[in-house]
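Given next are the chains, with one letter for each unit.
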Amino acid sequence: MEGIGNDYIYVDGIHQDVIMTPAFISRISDRHFGIGSDGMIVILPSQNYDFLMRMFNRDGSEGKMCGNGIRCFAKFVYDHHLTEKTYLEIETLAGVKRVWLKVENGTVQSVRVDMGKPSLDVKMIPCLFEKTEMINEPLQINQNIYYCTAVSMGNPHVVTYVDQLDFAIEDIGPCFEKNQMFPESVNTEFVQVVSPERLKMRVWERGSGETMACGTGACAVMYASYVNGLCGRQVDVELLGGVLHIDYEDGHIFMEGPARTVFEGIINEEDFKNV
Ligand SMILES: N[C@H](CCC[C@H](N)C(=O)O)C(=O)O
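The residue count restarts for each chain, going from 1 along the sequence in the order it is written. Note on the predicted model: pLDDT of at least 70 is required for a residue's local features to be given, and 80 or more for side-chain atom pairs to be given and counted; whole-chain, interface and lining totals, by contrast, use all residues. Hydrogens and water are ignored here; the side-chain numbers use all heavy atoms of the structure.

Looking at an unreviewed UniProt entry, the protein carries the name Diaminopimelate epimerase, with the source organism given as Massilimicrobiota timonensis. UniProt positions are given in the numbering used here, feature names are shortened, and annotations may be inferred rather than shown by experiment. Its UniProt record gives the protein a comment under Function (unreviewed entry), which states: "Catalyzes the stereoinversion of LL-2,6-diaminopimelate (L,L-DAP) to meso-diaminopimelate (meso-DAP), a precursor of L-lysine and an essential component of the bacterial peptidoglycan." Quoted verbatim from the Catalytic activity (unreviewed entry) field of UniProt, the annotation for the protein is "(2S,6S)-2,6-diaminopimelate = meso-2,6-diaminopimelate".

Following this line, the structure appears as structure tokens:
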């Protein structure tokens, strides 16, 4: 399934055991030797909430939250009749997320998510910066100075502003991802401000490289831009794969966007046993 081009393999972990090793995940995520995706997301039962979501990046590392992923997760459980509800509370490693499915004639049209409260606290990112917050601070990365704002959406993000988005992201993305300033690595967003209502971005994701879109990243971009006085409380964030509507209300960030099923099938474990 894909959410504005950010595609994951969704596996039902309610009716079967799921292999969640880095070797297996990186292999099935490989776009030549596997199915091909930005990673894997597992649907699991939750003791106290509707479901539990676990998400893994393409390299097999486990992320705490995935914005595009949780929209597709909600569509998956609705379409597979694991629930009849159109309001869900989904447990993640970044806390419980409230999700509203917008359904017309039995088809999920879009999904709105309460992505929770953003945090600028460097201890929450985590980020080894000398101040308690990193807001528009100069960082030297790979001989260049980038003015950076670090935001946690339950997972780590660093946001920097550029004049144009046509650059070799593969040259600079890994320099942020591996930078010792971020002990748990970081998702990096490069942002062009089109207007106070519209932001354009590219993302180098921790554990997946450049993706077509990053939901938590779009929320981090909105909040970083808001605290830097570059946008209002409602923005459209344009990513390579599409547009997400983000709004900031009562201290919470809300994201709304599409979710689509690309293909369904059965993974033959034998094909991946000796990966
Ligand atoms: N790479 C991220 C997880 C996926 C986030 C992104 N795909 C989204 O839609 O939020 C991390 O390790 O924190």
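**Examining the confidence of the model for the protein**
The pLDDT value tells you how sure the predictor is about a given residue, anywhere from 0 up to 100. In this model, the protein carries a mean pLDDT of 96, and residues with pLDDT of at least 70 account for 99%. We note a pTM of 0.97 for the whole complex and an ipTM of 0.95 for its interfaces.

**Some remarks on the environment of Glu177**
Secondary structure elements follow DSSP: runs of H or I no shorter than four residues count as helices, runs of E no shorter than two count as strands, and numbering proceeds from the N terminus. For Glu177, the location among the structural elements is in helix α3 (residues 169–177). Separated by 169 residues in the primary sequence, Glu177 and Tyr8 have C-alpha atoms spaced 21 Å apart. The contact partners of Glu177, leaving out residues within four places of it in the chain, are Ser185, Val186, Trp204, Glu205, Arg206 and Gly207. Separated by 2.9 Å, the side chain of Glu177 and the backbone nitrogen of Gly207 make a polar contact. Residues are treated as being in contact if the distance between any of their heavy atoms lies within 4.5 Å. Two N or O atoms count as a polar contact when they lie within 3.5 Å, although within protein this holds only if one can serve as hydrogen donor and the other as acceptor, and sequence-adjacent residues are included solely when both atoms are side-chain atoms.

**Details of the pairing of strand β8 (residues 95–104)**
At least two bridges found by DSSP between two strands is the condition for calling them paired. Summarising the sheet, strand β7 (residues 87–92) and β8 pair through six bridges and their orientation is antiparallel. When the sheet's bridge partners are listed, Glu91 is paired in β8 with Val96. The hairpin formed by β7 and β8 contains two residues between the paired strands. Bridge analysis of β8 against strand β9 (residues 107–114) gives seven bridges, and the strand direction is antiparallel. When the sheet's bridge partners are listed, Val103 is paired in β9 with Val108. Between β8 and β9, which pair antiparallel one after the other, the connecting turn spans two residues, and Asn105 there sits at a positive phi close to 50°.

**As for the site of the ligand**
It suffices for a single heavy atom of a residue to lie within 4 Å of a molecule or strand for the residue to be listed as near it. Within the structure, the ligand sits among 16 residues, and Tyr8, Gly67, Glu205, Gly215 and Thr216 are positioned closest to it. Between the ligand and Thr216, the relevant distance is 2.6 Å, taken from an oxygen atom to a side-chain nitrogen or oxygen of the residue. Computed with the Shrake-Rupley method and a 1.4 Å probe, the accessible areas treat only the protein chains shown as cover for residues. Isolated, the ligand exposes 370 Å² of accessible area, and the fraction of that covered by the protein chains is 100%. For the ligand, the cavity whose grid points lie within 2 Å of the majority of its atoms is the largest cavity. Going through the elements one at a time, β5 (51–57), α2 (67–79) and α4 (215–227) are the ones with two or more residues in the shell around the ligand. Each residue receives one of three labels: charged for Asp, Glu, Lys and Arg, nonpolar for Ala, Val, Leu, Ile, Met, Phe, Trp, Tyr, Cys and Pro, and polar for the others, Gly being one of them. When the residues that make up the shell around the ligand are grouped by side-chain class, the tally is five nonpolar, nine polar and two charged. Residue-level mapping places the shell around the ligand at the junction of two domains, with at least three residues from each of domain 1 (2–116 + 258–271) and domain 2 (137–250). Cavities and pockets were defined on a 1 Å grid built from protein atoms only: a cavity is a group of points that admits a 1.4 Å probe but offers it no way out, a pocket is an open group of points flanked by protein on both sides within 12 Å along at least five of seven lines, and a lining residue is one with an atom within 4 Å of any such point. Put plainly, a molecule is in a cavity or pocket when over half of its atoms are within 2 Å of the grid points there. Either an automatic procedure or a domain database provided the assignment from which the domain bounds are taken.

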